[in-house]
Amino acid sequence: MNIEKHLKMLRLNGMEQHWRAMKETRQHGTLNFEQGLEMLLQSEVDDRESKRYDRLKKNAAFRYQASIEEINMDATRGIDHSLITDLATGGYMEKAEPIIITGAAGCGNVNHMIM
């Protein structure tokens, strides 16, 4: 049995996709064992995290689909771009910082965030 079949049988989809990409670009022959294995494992971790995020987002059943890119960060609104970036990347969670969002619903509460 070849590597792709084993990865598919073990349901290691991220590793399987990356292995195919490595073979197509002939990259698998240029890496040592440790480098190749590390890349394959990281691909599997990334794939699982992505699927988990998609599953959680779907199960949350949000009424509206919004993204950070849609926020109007015009200077006249007084929105701190670095604060939004920190919120979007979860930096406050890594630092164990609490956040408080104040203001009436629908008023653009991003202007009233306290970290």
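These numbers come from a predicted model, not from an experiment.

**Student:** Would you mind going over helix α2 (residues 13-24) with me for this structure?
**Tutor:** Each full turn of the α-helix corresponds to 3.6 residues, which orients residues three or four apart in the same direction. The terminal C-alpha atoms of α2 lie 17 Å apart, and with 12 residues this matches the ideal 16 Å at 1.5 Å per residue to within 8%. Listing the buried residues of α2 in full gives Gly 14, Met 15, Glu 16, Trp 19 and Met 22. Where α2 is buried, its residues touch α1 (3-9) and α3 (33-60).

**Student:** So what exactly am I meant to see when it comes to the packing of α2 against α3 here?
**Tutor:** When two helices pack together, their arrangement is given by the angle between the helix axes and by the axis-to-axis distance. Contact pair α2 / α3: the axes reach a minimum separation of 7 Å and the direction vectors enclose 130°. Here α2 is positioned oblique relative to α3, judged by the angle of their axes. Note on packing geometry: the crossing formed by α2 with α3 is right-handed. Counted together, Asn 13, Gly 14, Met 15, His 18, Trp 19 and Met 22 of α2 and Gly 36, Met 39, Leu 40, Leu 41, Ser 43, Glu 44, Asp 47 and Lys 51 of α3 form the full contact between these two elements. Of the residues in the contact of α2 with α3, the class split is 6 nonpolar, 5 polar and 3 charged.

**Student:** Please explain α3 as it appears in this structure.
**Tutor:** Helix length check: α3, at 28 residues, gives a terminal C-alpha distance of 41 Å against a target of 40 Å (1.5 Å per residue), a fit within 8%. The set of residues buried in α3 consists of Gly 36, Leu 40, Ser 43, Glu 44 and Asp 47. For α3, the capping residue at the N-terminal end is Asn 32, with a side-chain oxygen 3.1 Å from the backbone nitrogen of Glu 34. One or two steps after α3, the chain reaches Ala 61, where phi turns positive at roughly 50°.

Cut-offs applied
Residues numbered from 1 in each chain as written. Predicted model: local features only at pLDDT ≥ 70, side-chain atom pairs only at ≥ 80, totals over all residues. Heavy atoms only, no water. Helix = DSSP H or I, 4+ residues; strand = E, 2+ residues; numbered from the N terminus. Expected span 1.5 Å × (residues − 1). Buried < 20%, exposed > 50% of the residue type's maximum accessible area, 1.4 Å probe, protein only. Contact = heavy atoms within 4.5 Å. Axes fitted to C-alpha atoms, helices over the stretch in contact; angles between N-to-C directions. Parallel < 35°, antiparallel > 145°, perpendicular 65-115°, else oblique. Left-handed = near helix turned anticlockwise from the far one by under 90°. Nonpolar A, V, L, I, M, F, W, Y, C, P; charged D, E, K, R; others polar. Polar contact = N/O pair within 3.5 Å; in protein donor to acceptor, adjacent residues only side chain to side chain.

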